[in-house]
Amino acid sequence: MRVAIVGASGAVGQEFLRILAERNFPMDDLVLFGSERSAGRKYNFKGKDYEVKLLQHNDDFKDIDIAFVSAGGGTSKDFAETITKHGAVMIDNSSAFRMDPDVPLVVPECNAEDALVRPRGIIANPNCTTIMMVVVLQPLERISHIKRIRVSSYQSASGAGAAAMAELEQQYSELVNHQPVTVKKFPHQLAYNVIPQIDVFTDNGYTKEEMKMFNETRKIMHTDARCSATCVRVSSLRSHSESVWIETEQPISIEQAREAIANAPGCSLRDDPANLVYPMPLETAGKDDVYVGRIRKDLADDCGLTLWLSGDQIRKGAALNAVQIAEYLIKVGNIK
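For clarity, every value in this text was computed on a predicted model and none was experimentally measured.

Draft legend 1. Quick look at unusual backbone geometry. Of note in this structure, Y192 is not a glycine but carries a positive phi near 60°. Among the structural elements, Y192 can be located in the loop between α5 (162–176) and α6 (208–221). Y192 gets classed as exposed once you look at its relative accessible area, which sits at 61%.

Draft legend 2. Summary view of the pattern of salt bridges. This structure, assessed with the given rule, holds 19 salt bridges. Where E15 meets R18, a salt bridge forms, and the shortest distance between an N and an O atom there is 2.7 Å. With E15 and R18 both in helix α1 (residues 11–22), this residue pair falls 3 residues apart, about one helical turn. R120 is the salt-bridge partner of D100, the closest N and O atoms lying 2.5 Å from each other. Pair noted here: D100 is in the loop between β6 (89–92) and α3 (108–111) and R120 is in the loop between α3 and β7 (122–124), with a separation of 20 residues, a long-range link. Note on D100: relative accessible area 19%, which makes it buried. It is possible to trace a salt-bridge network through shared partners that takes in E15, R18, E22, R23, R238, D288, D312, R315 and E327.

Draft legend 3. Main features of the sheet that holds strand β12 (residues 290–297). What the 6 strands build is an open sheet, ordered β9-β8-β10-β13-β12-β11; its pairing is mixed. With one partner strand each, in any of the chains shown, β9 (226–233) and β11 (267–269) form the two edges of the open sheet. Averaged over all pairs of adjacent strands, the angle between strand axes in this sheet comes to 25°, irrespective of strand direction. Taken together, the 3 bridges between β11 and β12 define a ladder with parallel strand orientation. By the bridge assignment for β12, C267 is matched with V290. The sheet strands contacting helix α4 (residues 128–141) are β8 (146–155), β9, β10 (240–248), β11, β12 and β13 (304–311), and the helix crosses β10 at an angle near 40°.

Draft legend 4. Seen up close, the packing of α4 against helix α9 (residues 315–331). Relative to each other, α4 and α9 sit at 85°, their axes nearing to 8 Å. Considering the angle they form, α4 stands roughly perpendicular to α9. Contacts between α4 and α9 involve C128, I131 and V135 on the former and, on the latter, K316, G317 and N321. Counted by class, the contact of α4 with α9 contains 3 nonpolar, 2 polar and 1 charged residues.

Draft legend 5. Structural context of the layout of surface pockets. Of the pockets and cavities examined, the largest pocket occupies roughly 1,300 Å³. Mapped by element, the contributors of at least two residues to the lining of the largest pocket are α1, α2 (73–84), α5, α6 and α9. Partitioned by chemical class, the residues of the lining of the largest pocket number 18 nonpolar, 23 polar and 7 charged. Forming the boundary of the second largest pocket are S95, A96, R98, M99, D199, K208, M211, K212, N215 and E216.

Draft legend 6. Spatial organisation of the sheet that holds strand β1 (residues 2–6). Spatial ordering of the open sheet is given by β3-β4-β2-β1-β5-β6-β7, a layout of 7 strands whose pairing is mixed. Here the strands that pair on one side only, and so sit at the sheet edges, are β3 (42–45) and β7. Between one strand axis and the next, the sheet turns by 25° as a mean value, whatever way the strands run. Pairing of strand β2 (residues 29–34) with strand β4 (residues 48–54), which is carried by 3 bridges, proceeds in the parallel orientation. Within β4, the residue paired with F33 across the bridge is K53. Where α2 meets the sheet, its contacts fall on β1, β5 (66–69), β6 and β7, and the angle it forms with β6 comes to roughly 155°.

How each quantity is defined
Residues numbered from 1 in each chain as written. Predicted model: local features only at pLDDT ≥ 70, side-chain atom pairs only at ≥ 80, totals over all residues. Heavy atoms only, no water. Helix = DSSP H or I, 4+ residues; strand = E, 2+ residues; numbered from the N terminus. Buried < 20%, exposed > 50% of the residue type's maximum accessible area, 1.4 Å probe, protein only. Salt bridge = Lys/Arg side-chain N within 4 Å of Asp/Glu carboxyl O. Pairing = 2+ DSSP bridges. Axes fitted to C-alpha atoms, helices over the stretch in contact; angles between N-to-C directions. Contact = heavy atoms within 4.5 Å. Parallel < 35°, antiparallel > 145°, perpendicular 65-115°, else oblique. Nonpolar A, V, L, I, M, F, W, Y, C, P; charged D, E, K, R; others polar. 1 Å grid on protein atoms, 1.4 Å probe; cavity = no way out; pocket = protein on both sides within 12 Å on 5 of 7 lines; lining within 4 Å. Points joined across faces, edges and corners; volume = space filled by probe spheres on them.

What follows is the structure, encoded as structure tokens:
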């Protein structure tokens, strides 16, 4: 088993290295790829140094079985044929192919089997906020069909990359020292602020991030549910959170919801508000599961349920989900 990481120097690429090591992913060789800026860098994996190769249109992927790709949508589109032409499975972390009808969009806890049919040799990793939400909603969908979803996300600086995290820290330092505030990675100052915009606005007034949650949820869960989202950037460093309202065909009790989520793969229940126990980004950063709390009946809808979730979007929202897809393919013997 030969594995490649494309975009090895980025935040998600580095998380791939950590997760593959932690989970003792079954492979015989690892090849790292990057841009001209990253080529030549060395990273240690399980005690051995690996040098980043320049990503080029050649036959470097001839003997690769699985390629984890996290180098941006433009790179994914440009190099997809190069990566897959010799049979490698491309698990892509960008938005480039998510809504392509010939590319499965997979969250293993929800629709692992979709990964088995991939006409283009590509499997798409969904948007981080979508991944975390559907992991939690899938066990509730099994109780009663979810008709409508309303969600507000509270997305950390790390969702915009390592440089964005550094900028947030820099902004706080500048403010404390009464210096001009640097604003490059966000449309406005993020420190001591929240920004109700992630990605660019579309013609209907929703951002691309919000429309991803609408479209990707339907594809992953094979559902007609409509999802209305407001995505907000907040000044936490790592881990996203979401406040979710769902309307189901039949009422779901709080007890049913708690039991379903507590027993669901990829979920951890943290729901004891009397003792101030609920998920928070400070506690979910670096963890694999999506943590859920504040489960309660919707006061405005008899068939409604409200909950709060938090999870590490670089792990489950990106690298971990992709690795779990690969683990599933290996388990069922679906690799070349």
